[in-house]
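Commentary on secondary and tertiary structure
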Amino acid sequence: MLLQKLQRFMMGRYGGDKFSIFLLVSGLVLTILGQIFFWPVILLGDALYLYALFRMFSRNIPARQREYYAFLKVWTPVADWFRFQKRKFSDRKTFRYFRCPNCGQQLRAPKGRGKIQVTCQKCRKEFIKKV
């Protein structure tokens, strides 16, 4: 019964997305930091909570989507960088990562092969690398 009322209330509203989760987590971090260090930071965390709730309950879906796409323009490169660092760390025993001297493209080669001739897939420059 309560779940049906909540579903009816949320009909036509924006709901949650990655940006809302980011705002909630940021608000939590600021609240904890405010408890430890400086209390006005708690107010900033509370403002982030309120903004996240405003976004979730908003009926202006096109405006919330524009905010979300602007957030993704910033967040996607950051998430990709962390994902790549995780992959580099998990491959650290079997592969060596390096950059192409011509275009800067990230390349990888198996470790323990000695000197190898590498061809960059992006710019087709050939060079010798010790791996």
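All values derive from a computational prediction rather than experimental measurement.

**Notes on the packing of aromatic side chains**
- If you walk through the whole model with that rule in mind, you get 11 aromatic pairs.
- Ring plane angle 40 degrees and centroid distance 5.3 Å describe the contact between Phe-22 and Phe-71, whose orientation is recorded as tilted. You can see Phe-22 sitting in helix H2 (residues 18-36) and its partner Phe-71 sitting in helix H4 (residues 61-90), a full 49 residues away along the chain.
- Assessed through its relative accessible area of 10%, Phe-71 is described here as buried.

**A closer look at a positive patch on the surface**
- Taken together, Arg-92, Lys-93, Arg-96 and Lys-111 make up a surface patch of like positive charges.
- Tracing the backbone shows Lys-111 in the loop between strand E2 (106-110) and strand E3 (115-119).

**What about the nonpolar core?**
- Within the largest apolar cluster, 8 residues are counted, these being Phe-98, Cys-100, Leu-107, Ala-109, Val-118, Cys-120, Phe-127 and Val-131.
- Apart from the residues within four sequence positions on either side, Ala-109 is in contact with Thr-94, Phe-95, Arg-96, Phe-98, Ile-116 and Val-131.
- Phe-19, Leu-23, Ala-52 and Phe-71 belong to the second-largest nonpolar core, a separate cluster that totals 6 residues.

What counts, and at which threshold
- Residues numbered from 1 in each chain as written.
- Predicted model: local features only at pLDDT ≥ 70, side-chain atom pairs only at ≥ 80, totals over all residues.
- Heavy atoms only, no water.
- Phe/Tyr/Trp six-rings, centres within 6.5 Å; stacked < 30°, edge-to-face > 60°.
- Helix = DSSP H or I, 4+ residues; strand = E, 2+ residues; numbered from the N terminus.
- Buried < 20%, exposed > 50% of the residue type's maximum accessible area, 1.4 Å probe, protein only.
- Patch = residues over 30% accessible without salt bridge, like charges linked within 9 Å, V, L, I, M, F, W, Y side chains within 5 Å.
- Areas by Shrake-Rupley, 256 points an atom, 1.4 Å probe, with all protein chains shown as cover.
- Salt bridge = Lys/Arg side-chain N within 4 Å of Asp/Glu carboxyl O.
- Lys, Arg positive; Asp, Glu negative; His and termini not counted.
- Charge placed at Lys NZ, Arg CZ, Asp CG, Glu CD.
- Core = buried A, V, L, I, M, F, W, Y, C linked by side-chain atoms within 4.5 Å.
- Contact = heavy atoms within 4.5 Å.

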